[in-house]
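As a plain string of letters, each chain reads:
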Amino acid sequence: SATEAGLYSATDQIISLNAESVETVLVNSTAAIVAEFYASWCGHCVAFSPVYKSLARDIKEWKPAVDLAAVDCAATETRQLCFDYGIKGYPTLKFFHAYSKEGSKGLSLKGFPRDVRGLRHRIIDQLEKHQEPWPPACPPLEPISQAEIDSFFETNNVQHLALIFEDDKSYIGREVTLDLLQFENIAVRRVLSTEEGLVTKLGVTDFPSCYLYYPSGNFTRLQPPSSPSLYRGEVFNFLHENNAIAFLASPAKQAPARHDDRWPPSSLNWSQVNAPLPPQANLFLPAMPDTSGDHWMNDSASTSVHSHQPCSNIQARTFYSYALQRLPGVVRSGKPPPPDTVESLTNRTDEPWRPFNRSRVYMADLESTLDYSLRVELAAHSVFSGHALVSLKKYISVLVKARLALCAVWQQMPPSWDPRHMEPVVSQYFPGRPMVMNLLKSLNSWLQDQPGDEISYEALEKIIDNRAQSPNTTLPQGARWVGCQGSQPHFRGYPCGVWTLFHVLSVQAKKAEGTDAKEVLSTMRGYVHHFFGCRQCAEHFEEMAQKGLSEVNTLSAAVLWLWKRHNLVNNRLAGALSEDPNFPKIQWPSPEMCPSCHSVMENGEHRWNQDQVLSFLLSYYSSQRILTDYLE
Ligand code: FAD
């Protein structure tokens, strides 16, 4: 697309708009969209682009409610588009309401601020003025009153209500509300300092400050960090839940030696670290080492990058969001609430075409793949034994695998570390929704516990279906292809999903610093060999695996191996009858998607720049970029 070649790239979390995608993104979107119209030759645009990129990182949790897009008006193919949107100067920022109609030109954000904080506030102002229909994933932003709080737990089924006390001009409450919108079991509301009854009842003296309020009327204040103890507790909870063997995330030079470098440390006992956090307890922001390794980062250091902004505000938002996202019972939902209004607004047919972004991965495809794999493909085998049983067990165990990637986190930390930019500490191979992970985990423990050397599909199916009766432990039934949709029913779908699934797994294994370089590839080989319904495909794949798999010795090599073999298959299938004319088989990624992945040798021959391909793949298939649209 034009934007990839312009100021932004695939890793920036900014949707590229071009003549083709503009309608699908701006029209009828469930989220409001802020779009930047720029020209890549314009100096002001170049100067603004790092700010826009930081904004995208800063508000990435807000995506289901408001997302960012950009279009390079300097590209030939977008000239007409920019003209149609009435763009006269660059950069122009426009706000498009959720469910904007075709032909809507959006609202120009005149004189928009050139800093992240100002832009964030401007976006909130705009959201607050949003008319009906309100973006379904956007929580209420207005202050809550005493009366509303009194009846809150009668109408809201959440465990935690976080109240942010602040004065009228402060944006922290609304920012934290939006930061938490993708999390279940918690609601965040702002309370104005003028709400005297509540202020007196809770004895609030500081503005801003954050309180957790419980149905019983109990409340507790969220205190700023003073020790990393919750962090250690979290790590242990994780190890315990996943039956994981701790690996030594040796801080070595990256971090100071601490008395608890040994994992697990001898000084903490299980009951201590596994006890759920009592609501009255103080919550601690984990102390993280700075990259110099000289000292543990303190508050002033963590905000020094923002020194031109009021530090206390930055800290408050960061700390509140971080701590609230980690409360017991609070989980990332990964799904914007299904809006009732969409049906009537988009006039869907039975099997609607689901508009999607061609340069993104969708969780709906991954879940559909698992559904088909577990409920249809495996069902073709009445019993599993021998190598097939081994392959099945390995497949499920890789899907539930997760590791602590502390080293990776430390090494990737920018010099100006800030908790908002932190990678998750726990890296899952399959980054599924909690309910899906629960099902896979229970399937895995059941499988590992089976003593015999034979398992019937009937028994396996019982586990899948029985456990699936709980809403917290379930894999949605039926296919719902998005990025893998074909222009006709016989195109794409499942095989596309299988490729996507294993690309994601290989990338996630790399991020989690798995210990066996071939783990994901040999799992895929086993699955495809024993179960993949397309038998010819399986034979071809086995041939490739026999030839080159033994040379894969690093996790990066594994990611690239799969990419290369997939391209070989694409090459073989280009122009075949099975090719969807709307999705031609190309050597992937195209130069539009990743310009730096390609170079031309002196003799004019094409050449892949493999380092660039690797970093492209690591970003493209990373868990953070997977879109959760169209999930049930
Ligand atoms: P797919 O090839 O399924 O790709 C899915 C998505 O992955 C693409 O949309 C793109 O976003 C991304 N992608 C494309 N190339 C790469 C790459 N190199 N690296 C990373 N990501 C990429 N069909 C046959 O007719 N004969 C075969 O022998 C055959 N062998 C197969 C072997 C395996 C293991 C699998 C999983 C499938 C095989 N298929 C075969 C099916 C075929 O490869 C396609 O999956 C199917 O035709 C659907 O194509 P698609 O357009 O959805 O893109």
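Worth saying up front: this structure is predicted, and the values here are computed from it rather than measured.

Draft legend 1. Quick peek at the overall build of the protein. The number of helices and strands found in the protein is 24 helices and 17 strands. Scored against the burial criterion, the 632 residues of the protein give a buried share of 37%.

Draft legend 2. Summary view of the sheet that holds strand β6 (residues 160-166). The strand order β8-β6-β9-β10 describes an open sheet built from four strands, whose pairing is mixed. Every interior strand has two partners, whereas the edge strands, β8 (186-192) and β10 (219-221), have only one. Looking at each pair of strands side by side, their axes are set apart by 25° on average, direction ignored. The pairing of strand β9 (residues 209-213) with β10 spans three bridges and is antiparallel. Along β10, the bridge assignment pairs Y213 with F219.

Draft legend 3. How the structure looks around the sheet that holds strand β4 (residues 92-96). Sheet architecture is open: five strands sit in the order β1-β3-β2-β4-β5, paired in mixed fashion. The open sheet is flanked by β1 (15-16) and β5 (107-108), the only strands paired with a single partner. As defined by bridge partners, strand β2 (residues 32-38) adjoins strand β3 (residues 66-72) across seven bridges and the pair is classed as parallel. Note on β3: the bridge partner recorded for F37 is V71.

Draft legend 4. Broad picture of the confidence of the model for the protein. Counting all residues, the mean pLDDT for the protein is 78, and 77% of those residues have values of 70 or more. Long-range and interchain partners of residues 335-350, a stretch whose pLDDT sits below 50, account for 16 contacts in this model, where long-range means more than four residues apart. The ipTM for the predicted assembly is 0.99, set against a pTM of 0.52.

Draft legend 5. Spatial organisation of the site of the ligand. Taken together, 25 residues surround the ligand, and among them P495, C496, C537, H566 and W588 come closest. Put simply, the parts of the chain that give the shell around the ligand at least two residues each are α20 (494-511), α22 (535-548) and α23 (555-573). Along the lines of polarity and charge, the residues of the shell around the ligand split into 15 nonpolar, eight polar and two charged.

Draft legend 6. Examining the nonpolar core more closely. Ranked by size, the top nonpolar core spans 71 residues in total, and within it A32, I33, A35, F37, A65, A69 and I164 carry the most contacts. Setting aside chain neighbours within four positions, we find A69 in contact with I14, I15, L17, V25, I33 and A35. Of all hydrophobic cores here, the second largest spans 60 residues; its members include L460, V498, A512 and L521.

Draft legend 7. Molecular detail of the packing of helix α15 (residues 363-377) against α20. Their axes nearest at 9 Å, the elements α15 and α20 cross at an angle of 110°. One element, α15, and the other, α20, form an angle in the roughly perpendicular class. Between α15 and α20 the crossing geometry is left-handed. Taking contact as the criterion, the partners of D365, L366, S368, T369 and Y372 in α15 are, on α20, Y494, G497, V498, T500, L501 and V504. Class assignment of the residues belonging to the contact of α15 with α20 gives a composition of six nonpolar, four polar and one charged.

Draft legend 8. Fine view of helix α16 (residues 386-400). Taking 1.5 Å of rise per residue, 15 residues should cover 21 Å, and α16 covers 22 Å from first to last C-alpha, within 8% of that figure. Along its buried surface, α16 packs onto β12 (383-385), α18 (434-449), α20 and α21 (519-530).

Draft legend 9. Spotlight on α15. Under the 1.5 Å per step criterion, the end-to-end length of α15 is 20 Å for 15 residues, consistent within 8% with the ideal 21 Å. Among the 15 residues of α15, 11 are classified as buried, and the element is accordingly described as predominantly covered. Three or more residues of α15 are buried, namely M363, A364, D365, L366, E367, S368, T369, L370, D371, S373 and L374.

Draft legend 10. Fine view of the pairing of β2. Burial analysis of β2 places seven of its seven residues in the buried class, which makes it a mostly covered element. Residues of β2 alternate between two faces, with A32, V34, E36 and Y38 on one and I33, A35 and F37 on the opposite face, all of them buried. Note on the crossover from β2 through helix α3 (residues 43-58) to β3: the handedness is right-handed. As paired elements, β2 and β4 share five bridges and run antiparallel to each other. Bridge pairing links V34 to F95 in β4.

Draft legend 11. How the structure looks around the pairing of β9. Summarising burial for β9: four of the five residues are buried, a large majority. Across five bridges, the pairing between β6 and β9 is antiparallel. Within β9, the residue paired with L161 across the bridge is Y213. Counted along the chain from β9 to the antiparallel partner β10, the turn is five residues long, and its residue G217 has a positive phi close to 100°.

Draft legend 12. Structural detail: the packing of α20 against α21. Where α20 meets α21, the closest approach of the two axes is 9 Å, and the angle between their N-to-C directions is 155°. Taken together, the axes of α20 and α21 lie roughly antiparallel to each other. Along this stretch, α20 crosses α21, giving a crossing that reads as right-handed. On α21, the residues touching F502, L505, S506 and A509 of α20 are E519, V520, L521 and M524. Across the contact of α20 with α21, the residue classes tally to six nonpolar, one polar and one charged.

Cut-offs applied
- Residues numbered from 1 in each chain as written.
- Predicted model: local features only at pLDDT ≥ 70, side-chain atom pairs only at ≥ 80, totals over all residues.
- Helix = DSSP H or I, 4+ residues; strand = E, 2+ residues; numbered from the N terminus.
- Buried ≥ 20, exposed ≤ 12 C-beta atoms within 10 Å, placed from the backbone.
- Pairing = 2+ DSSP bridges.
- Axes fitted to C-alpha atoms, helices over the stretch in contact; angles between N-to-C directions.
- pLDDT = per-residue confidence, 0-100.
- Contact = placed C-beta atoms within 7 Å.
- Near = placed C-beta within 6 Å.
- Nonpolar A, V, L, I, M, F, W, Y, C, P; charged D, E, K, R; others polar.
- Core = buried A, V, L, I, M, F, W, Y, C linked by C-beta atoms within 7 Å.
- Parallel < 35°, antiparallel > 145°, perpendicular 65-115°, else oblique.
- Left-handed = near helix turned anticlockwise from the far one by under 90°.
- Expected span 1.5 Å × (residues − 1).
- Right-handed = clockwise from strand over helix to strand, strands pointing away.

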